[in-house]
Amino acid sequence: MSGDLVPRPPESRMSDADRERITARLRSAHGDGRLTFEEFEQRLSGVLGARTFGEADPYVADLPGGPVAAPVHDRLDLRASASTLKRRGPWVVPRLLRVTNRPGPVKLDFTDAVIPHRVVEIELDVTAGSTTLILPPTASVTIDDVELIASPARVKDLPATPGPGVHFVVRGRQRFGRLLVRTQRRLWRLRR
C-alpha cells in the first residue's frame with residue numbers, strides 16, 4: 001500500500017485524511033504516465049465523491065499499491081504445526097476465527113486490528129502451547145465454553161458482559177498450556 005493507508009472493510013467510512021492519501025496515489029499514477037488527464041479527472045471525481053473505502057476502491061484497485069478496501073470474510077482458519085502462530089498490527093478480523101496449533105503457542109493481538117463486527121467468535125483447538133489473546137481496551141470477552149485440559153485460564157481486566165466495544169466469544173479446547181486474555185500492556189518508564 002502507498003503511504004500509511006491500511007486496507008479497511010469496504011463499508012468503513014473514509015476520513016478526509018484517507019481520501020487525501022488515495023488522491024495522492026491518483027496524482028502519482030498520473031505523473032508516472034499510468035493515467036491520462038481524462039482518466040485522472042474521472043477517477044479523482046469518483047474518489048472525492050466516495051463515502052466508503054468500497055466506493056473508492058474501483059478508482060485505484062488497478063494502480064500500484066492495490067485496493068484500499070480489504071475483503072471482509074465471515075470465517076478465517078489459522079493453522080500451524082510445531083511453530084508459533086501470531087497475528088498483530090493491522091489485520092482484518094472475520095466474524096469467526098478458527099485457531100488450530102499442535103504443538104505450539106498462539107498469540108493474537110487485536111489492538112490494531114480492523115474489526116468490522118460487534119461480535120467475534122474464536123474457536124480454539126490448541127495443544128501443548130499457550131494461547132494469549134490481546135484485546136482492545138473497550139472489548140469484553142466470555143471464555144465459558146472453552147474446554148480446559150491441564151490448562152489454567154485467566155481473563156485480566158476485561159468484563160464478561162458486552163459493552164460499547166467488540167464482544168469476543170471464545171470456545172473450543174485448550175490442552176496442556178494456558179489461556180490468557182488481556183488488554184495491551186502499558187510500559188511506563190520512570191525518568192530521572
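To be clear, the structure that these remarks concern was listed above.
Throughout what follows, the structure given in this document is the object of discussion. (Residues numbered from 1 in each chain as written. Predicted model: local features only at pLDDT ≥ 70, side-chain atom pairs only at ≥ 80, totals over all residues. Heavy atoms only, no water.)

1. Examining the overall build of the protein
In plain terms, the rule: Numbering goes from the N terminus for both helices and strands, where a helix is a DSSP run of H or I of at least four residues and a strand is a run of E of at least two. A simple rule labels every residue: compare its accessible area, found with a 1.4 Å probe on the protein chains alone, to the largest value its type can have, and call it buried under 20%, exposed over 50%, or partly exposed in between. For the area figures, the Shrake-Rupley method with a 1.4 Å probe applies, and any residue is considered shielded solely by the protein chains shown.
Helices and strands together make up the secondary structure of the protein, namely three helices and 10 strands. Each helix and strand of the protein, placed in order from N terminus to C terminus, yields the pattern α-α-α-β-β-β-β-β-β-β-β-β-β. The 192 residues of the protein split such that 42% are buried. Within the structure as shown, the protein displays about 11000 Å² of accessible surface, and the carbon and sulfur contribution to it stands at 49%.

2. Quick notes on helix H3 (residues 53-60)
Which entries qualify depends on this criterion: Working definition: the arc comes from the directions between the helix axis and the C-beta atoms, pointing outward to the latter. Whether two residues touch is decided by their heavy atoms; if any such pair falls within 4.5 Å, the residues are in contact.
Among all positions in H3, only Phe 53, Ala 56, Asp 57 and Val 60 are buried. On an axial view of H3, the arc spanned by its buried residues comes to 120°, and they lie on one face. Residues of H3 that are buried make contact with helix H1 (16-31) and helix H2 (37-49).

3. A closer look at the environment of Gly 89
As for its position among the elements, Gly 89 is in the loop between strand E2 (85-87) and strand E3 (96-102). Note on Gly 89: relative accessible area 18%, which makes it buried. Between the C-alpha atom of Gly 89 and that of Asp 112, which follows or precedes it by 23 residues, the distance is 5.2 Å. In contact with Gly 89, other than residues within four places in its own chain, are Asp 112 and Ala 113.

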